[in-house]
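# Observations on the model geometry
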Amino acid sequence: ITDIQMPGISGLELMKAVLEIYPDTVAIGITGYGDIKVAVDFMKLGGIDFLEKPLRKGTLLLAVDSAAEKFRLKQELRRVNEELRQKNIALQEEIRARLESDERNKKLFETHSAVMLVIDPNTGEIVNANAAACAYYGYTKEEITGLEITDINILSEKEVFQEMERARSQKENFFRFQHRLASRQIRDVEVISVPMKEQGKRLLYSTVRDVSRRIRTEKALK
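My aim in this report is to walk through the structure given alongside it, one point at a time. On a predicted model such as this, the values are computed, not experimentally measured, just so you know. (Residues numbered from 1 in each chain as written. Predicted model: local features only at pLDDT ≥ 70, side-chain atom pairs only at ≥ 80, totals over all residues. Heavy atoms only, no water.)

## Looking at the sheet that holds strand β7 (residues 186-198)
So the rule is basically this: Whether two strands pair comes down to DSSP finding at least two bridges between them. Strands are runs of DSSP state E lasting at least 2 residues, helices are runs of H or I lasting at least 4, and numbering of each runs from the N terminus. Lines fitted to C-alpha atoms define the axes, with helix axes restricted to the stretch in contact, and inter-axis angles between N-to-C directions lie between 0 and 180 degrees. A contact between two residues is defined here by any heavy atoms of the two lying within 4.5 Å.
Overall, antiparallel pairing links the five strands, which are arranged β5-β4-β8-β7-β6 in an open sheet. Here the strands that pair on one side only, and so sit at the sheet edges, are β5 (126-129) and β6 (174-180). With strand direction ignored, the average angle separating the axes of adjacent strands in the sheet is 35°. Summarising the sheet, β6 and β7 pair through seven bridges and their orientation is antiparallel. By the bridge assignment for β7, R180 is matched with I186. Strand contacts of helix α8 (residues 212-221): β6, β7 and β8 (201-210), with the helix running at about 130° to β7, the strand carrying the most contacts.

## Here's the deal with the packing of aromatic side chains
Going by this rule: In summary, the pairing rule links any two rings of Phe, Tyr or Trp, Trp by its six-membered ring, whose centres are within 6.5 Å, and it sorts them by plane angle into stacked for under 30 degrees, edge-to-face for over 60 and tilted for everything else. Relative accessible area decides the class of each residue, using a 1.4 Å probe on protein chains only: under 20% of the type maximum gives buried, over 50% gives exposed, and in between gives partly exposed.
Going through the model one piece at a time under the given rule, you end up with three aromatic pairs. Between F42 and F50, the ring centres sit 5.8 Å apart and the planes meet at 55°, which makes this aromatic pair tilted. Ring geometry for Y136 and Y137: centres 4.9 Å apart, planes at 80°, overall edge-to-face. Grouping residues by exposure puts Y136 and Y137 together as buried.

## Some thoughts on the pattern of salt bridges
Stated formally: What makes a salt bridge here is a side-chain nitrogen of Lys or Arg within 4 Å of a carboxyl oxygen of Asp or Glu, nothing more.
Applying the stated criterion across every chain, the model contains twelve salt bridges. Between R176 and E190 there is a salt bridge, and its shortest N-O distance comes to 3.3 Å. With R176 in strand β6 and E190 in strand β7, this residue pair connects regions lying 14 residues apart in the sequence. Under the relative-accessibility criterion, R176 is labelled partly exposed at 41%. A relative accessible area of 0% means that E190 is categorised as buried. It is possible to trace a salt-bridge network through shared partners that takes in E76, R79 and E83.

## Points about the nonpolar core
What counts, and what does not: In plain words, nonpolar cores are sets of buried Ala, Val, Leu, Ile, Met, Phe, Trp, Tyr and Cys residues tied together by side-chain atoms within 4.5 Å.
In terms of nonpolar packing, the biggest core is built from 25 residues, with V115, L117, Y137, I144, I149 and V208 touching the most fellow members. For this core, the secondary-structure elements that each account for two or more residues are β4 (115-119), β5, α5 (131-137), α7 (157-168), β6, β7 and β8. No other element matches α5, which puts five residues into this core. Apart from residues no more than four positions distant in its own chain, I149 is found in contact with L117, I119, G124, I126, V160 and M164.

## Section: the packing of helix α1 (residues 11-21) against helix α2 (residues 36-45)
The cut-off we apply is this: By definition in this entry, angles of less than 35 degrees are roughly parallel, angles greater than 145 are roughly antiparallel, angles of 65 to 115 are roughly perpendicular, and the rest are oblique. Each residue receives one of three labels: charged for Asp, Glu, Lys and Arg, nonpolar for Ala, Val, Leu, Ile, Met, Phe, Trp, Tyr, Cys and Pro, and polar for the others, Gly being one of them.
Between α1 and α2, the shortest axis-to-axis distance is 10 Å and the interhelical angle comes to 5°. For the element pair α1 / α2, the angle class is roughly parallel. On the side of α1, the interface is formed by L12, M15, K16 and L19, while α2 contributes V38, D41, F42 and L45. For the contact of α1 with α2, the residue count by class is six nonpolar, no polar and two charged.

## A few points about α2
Applied cut-off: Directions are taken from the helix axis to each C-beta atom, and the arc is the one they span.
All buried positions along α2 are accounted for by V38, A39 and F42. Looking straight down α2, one finds its buried side chains confined to an arc of 100°; they lie on one side. Turned more than 90 degrees off the buried face of α2, the exposed positions are I36, K37 and K44. Summarising the contacts, the buried residues of α2 are in contact with β1 (2-3), α1, β2 (27-31) and β3 (47-52). Just downstream of α2 lies G46, where phi reads positive at about 125°.

Here's what the structure looks like:
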């Protein structure tokens, strides 16, 4: 809880500094000046309430209760996101281990319920896709393997190749993108990409999870 007008540093500057260290912080602003622009700026930064002096105890308590609930929700979303990320990594490692250990287990790729793509990071070509991926994106196997990942990922071509390079070099393997379906619908997805060698080529095995509903919930929370 911070006053807006303070000597040495304003409430807006204070909140910026705090959020850099503790990004889950929720803030309530207090002011004796009914400045709409300041209130808007405060809320844009992530403030959840803006109260005018003189304060009433009941009003302040309601604001604190609301802030505590939002903080709890932010913590819960962070926990769920991390759990999903760890599950995705474990799944991808399991698949990689099975593919490398036994050629016959490539059937796992084809029949797995998770959406999976195999991408050539040098060209962006989608060289393979399992049945779940074909169903999710709305393409046949022949159609989707005739596409490049830039036909699906709505980032610019330069940005897509930059992200693939990060995955190929193992600097990062967890990504959030927006993907375009055959129906032209745009979906929010989380992608785990693991580099693997196959027939002398270094490819990216990517597991795709649709998180559109969760993203809408996060936006509604904000």
